[in-house]
Amino acid sequence: MNDTSNYEGRRQNVWIRLLSTVLVMLGSVVIILPLVWMVSTSLKTAGNVFSIPPEFIPREAETIEVDGKKYVLYDVQLAGEVKTLAMVRLHPETSEFFDPENPELRYYAPATDATKHRIVRFHWENYRTIWTYEYAPFSRYLANTVFYATFSTLGSVLVNSFVAFGFARLRAPGKNLLFLIVLGTMMIPVYATIIPQYVMWARQIPELLHSLLGVNVKLIDTYWPLILPSFFGSAYEIFLMRQFFSTIPRDYDDSARVDGASYVQIWWRVILPMASPVLLAVGMIDVMFYWNEYFYPLIYLNSPEKLPLSVGLATFQGVYTISGPPPFHLIMAASLVSLLPLVVIFFALNRYFIQGVVVSGIKG
Amino acid sequence: MKIKNVSRRRRSLALREYAAFYGFVAPWLIGLLVFTLYPLLASLYYSLTDFNGVEMNFIGLENYVKMFSQPLFYQSLWVTVRYAVVVVPLNMVAALALALLMNQQIPLLSFWRTLYFLPSIISGVASAMLWRWILNPDMGLLNSLLMLVNIESPRWFWDERWALPAYWLMSLWSVGGSLVIYLAGLQGVPTALYEAAELDGANAWQRLTRVTLPMISPVLLFSFITNLISSFQIFTQVFVISGQGSGGGISLGGPNNSTLMYVLYLISNGIRSNRLGYGSALSWVLFLIIMALTMLFLRLSQRLVYYEDESVR
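Residues numbered from 1 in each chain as written. Chains lettered and ligands numbered in written order. Predicted model: local features only at pLDDT ≥ 70, side-chain atom pairs only at ≥ 80, totals over all residues. Heavy atoms only, no water.

Sorry, what's going on with empty space enclosed by the protein here?
Where empty space is left in the structure can be found by rolling a water-sized probe over the atoms. Residues and elements named next belong to chain A. For the structure shown, the criterion picks out one cavity of 30 Å³ or more. There is about 50 Å³ of room inside the largest cavity. Only α10 (276-292), α12 (309-321) and α13 (328-348) provide two or more residues apiece to the lining of the largest cavity. In terms of residue count, the dominant contributor to the lining of the largest cavity is α12 (three residues). In terms of residue class, the lining of the largest cavity is built from four nonpolar, four polar and no charged. (1 Å grid on protein atoms, 1.4 Å probe; cavity = no way out; pocket = protein on both sides within 12 Å on 5 of 7 lines; lining within 4 Å. Points joined across faces, edges and corners; volume = space filled by probe spheres on them. Helix = DSSP H or I, 4+ residues; strand = E, 2+ residues; numbered from the N terminus. Nonpolar A, V, L, I, M, F, W, Y, C, P; charged D, E, K, R; others polar.)

This is how it looks when you write it as C-alpha cells:
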C-alpha cells in the first residue's frame, strides 16, 4: 500500500483536489451572485436601483434638512482637503456649498470637484411596504400557498404511500398489469389532459352533484380542483415509494400478521414508521412543488384574494408596472419573502431534501 | 376432510388479500380513470370537434389539417426544439462536469452541494422575475458588468435574436438539480473498480470513459429523458417574462414570436381564445411527441446504458 507509485498518485491528488475546489468555488460565485443581487435590490430605493456601475451594497446620497429645505451632501475638494458640504446651487465653475455644521459659512468650487456623499443604507421598510399594498394582498397569497401546499402534500404522501403499500406487499391477479399502467402514465404531460379536466370541474362535476344531491356548487375559482386530485395518487410517487417499501423485509409484516394486525394497521404502524426518511424526502419535494406550482392555479383561480404566491407575485409585478418603471426593489422584496419559508425548510431539512431530489430524480 | 378445510381457509385468505389489494390501489385507480384516462380520451374526442366551451360539433380531422397549415404552429415547434436541443445537453454537461469536480474529495462538499442546489428551489415565477431584472438591457446587472469591460451588450429578452439565448442562460442557473443527482450516482461507483482500472494502467481519461460514465449511464439516461420532457413543456418562465402583466412591452412569446414555446401556443391559441377543440388537438400532438421521443431514446440507449443489476430492466 505504501509504495512510491501510490505516493506519486497521492501528490497528484492534492493538485486535483485543489484545482477542483477552486473551480467549484468559482462556479458557486456565478450561482450565488444573482441571489445576492436579489437581496441587494430589495434593500434599495426606487431611485438607486438603477445605479451604474451596479452596487451590491446599497448606497445613496445623503441629504440634510436646514430650515425646512432639503440639501444633498457632496464631498468637495478644497485646496487639498476633502470636506462634506451641502450643495445650494450647481454651477460648472462656481457651485455654492455650505458647511452643515456652520450654515453661514459658504464655499465655492467647480462642479467637477464635487461628488455626492454616499452612505450605506438598507431600506428594510421595503419589506413592510409589500404587505400593505392594496391591489396585491400579499398576506392572503401567503396564507393561500400555505393552505394549498400543506393539504396537497398531506394528501399526496398519505395516498401514495397507501397505494404503494398495495403494490409492494399484496398479491392479486392483475397487479402486474396495473403496475405497468402506473409506469406508463408517468410521462403524460399535464397539458394533454388540462382541457377536459377544466370542463369537468367547471361543468360535469357540478352537474353530477346537482342531479345526485340537488346542490349547486361552483368549483372553478376554488381550491378543490387543485387539492382534491392529490388525494388520488400520482404515478411517479407511487412508483418511488413502492421501490422503497420493497426493500423492507417482510418479516416485519409477518410478525404483525401473527399479532392479528390488519393490512391497514401494517401500513400505518409498521411500514410508515420504517419509511419515514423516504416519506419526509418525498414530502419535501411535494412541498417545493406545490409551493411553486403556477400552471394549475393560473387556470383554475381568478379572484385576486384566492391566488397563491406564485400567481400573485406575477400579478404584483403587473399591478405595479402600469404606472412608471417597474419597482424592482419591491418586486425583489416580495419574491424573497415568498421564497423565505421554503428556503428555511430547505436548510433545516437539507439532508432529506437532497435525498428527495436524488430518489425522485426530479429537477427543481 | 381436514385438508379440504385448510385449502378452503387458504383460498379465503387469498381472496381477502386480493380484495385488500384492490382496496389499497382504489384511490389511484379512481384517480387514473377520472383525472387521467377520461381526460385523455375526452381531449382526443374534443380534438375532432369545434368545441368552444359552449357548442360542440364533430368536424373530423379539420383541427389537425388546420394546425399543419399554421405557420405559428411550426414556429412554436421550431422554437421549442431549439430550446430543448441546447438546454438539455448544456445542462447535463455542466452538471456532470461540476459533479466530477465535486467528487474529487473536495472539502465542505455538502456546503457546495447545498449552495448549487439553492436556485432550484426558487419557483419559476420568482426566478423569472429575477432574471428579467438581471437581463434588463439598460439597467440590469449583467449588461452593467459587460459595460464595465466595454463589451457591447445584447438586449436579451427584448431582442428577437437574443431572447432564446437568454432562456438558455437562465436554465443554466438551475444546474443544481441534475448536479445533485449525478453526484449521488458518482458516489455510488465502487472504488474497487477504479483501483482495478489503475492497476491495469488506465489513465484519468480512460477511467472516466470506461468506468465512471458506464457506471452512471442509467442515471444519465433517466436524467436526459426527464430533462427532455420538461424542456419540451417549458411554460412558466416564458409566460411570466413575456406574458400578461410583465410590463415593459414584450408580447407573449415575443419579441416577434421568437420565444413562442409550444405550450405557450397551446395556451394562447387553444385555451385562452376558447378554441378548446383546436387546443385539444395541439395537446394530443404534444402528448404524441413526448411519447415518441421517450420511446425513441429508450430504444436508442439500450446499447449505451449499462445496468449492473440486470433484473432492474
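It is not clear to me how the pattern of salt bridges should be interpreted in this structure. Could you clarify?
Pairing between side chains of opposite charge can happen when the charged atoms of each approach one another. Counted by the stated rule, this structure contains ten salt bridges over all chains. Between A:Glu60 and A:Arg121 there is a salt bridge; the shortest N-O distance is 3.6 Å. Taken as a pair, A:Glu60 in strand β1 (residues 59-61) and A:Arg121 in the loop between β8 (118-120) and α2 (125-129) lie far apart in primary sequence, 61 residues in all. The salt bridge involving B:Glu17 is made with A:Arg171; its shortest N-O contact spans 3.2 Å. With one member in each of two chains, B:Glu17 in helix α1 (residues 2-46) and A:Arg171 in the loop between α3 (138-169) and α4 (175-184) form a pair that bridges those chains. Its relative accessible area of 10% is what places B:Glu17 among the buried residues. Residue A:Arg171 is classed as exposed on the basis of its relative accessible area of 59%. (Salt bridge = Lys/Arg side-chain N within 4 Å of Asp/Glu carboxyl O. Buried < 20%, exposed > 50% of the residue type's maximum accessible area, 1.4 Å probe, protein only.)

How should I be thinking about the domain arrangement of chain A in this particular structure?
A common measure of how large an interface is: the accessible area buried when the components associate. Segmenting chain A into domains produces domain 1 (1-42), domain 2 (59-120) and domain 3 (129-360). Taking only C-alpha atoms into account, the centre of domain 2 of chain A sits 59 Å from that of domain 3 of chain A. (Domains from an automatic or database assignment.)

Looking at this structure, I do not really get the domain arrangement of chain B. What am I missing?
All names here are of chain B. Domain parsing of chain B yields domain 1 (1-46) and domain 2 (65-312). The centre of domain 1, based on its C-alpha atoms, is set 39 Å off from the matching centre of domain 2. Opposite the four residues of domain 1 that make contact, domain 2 presents five residues. Both faces combined, the contact of domain 1 with domain 2 buries some 420 Å², and carbon together with sulfur accounts for 70% of it. When the buried area of domain 1 at its contact with domain 2 is split by residue, Leu40, Ser43 and Tyr46 rank highest and sum to 78% of it. The tally of links from domain 1 across to domain 2 stands at two residue pairs in polar contact (both at pLDDT 80 or more). Of the residues in the side of domain 1 that touches domain 2, the class split is three nonpolar, one polar and no charged. (Contact = heavy atoms within 4.5 Å. Buried area = accessible area lost by both parts, 1.4 Å probe. Polar contact = N/O pair within 3.5 Å; in protein donor to acceptor, adjacent residues only side chain to side chain.)

It is not clear to me how the pairing of strand β4 (residues 81-89) of chain A should be interpreted in this structure. Could you clarify?
All names here are of chain A. Two strands pair when backbone bridges link them, and strand β3 (residues 69-78) and β4 are joined in this way by six bridges, in the antiparallel orientation. The residue bridging Leu73 from the neighbouring strand is Ala86, located in β4. Connecting the antiparallel pair β3 and β4 is a turn made up of two residues, with Ala79 showing a positive phi of about 40°. The pairing of β4 with strand β5 (residues 95-99) spans three bridges and is antiparallel. (Pairing = 2+ DSSP bridges.)

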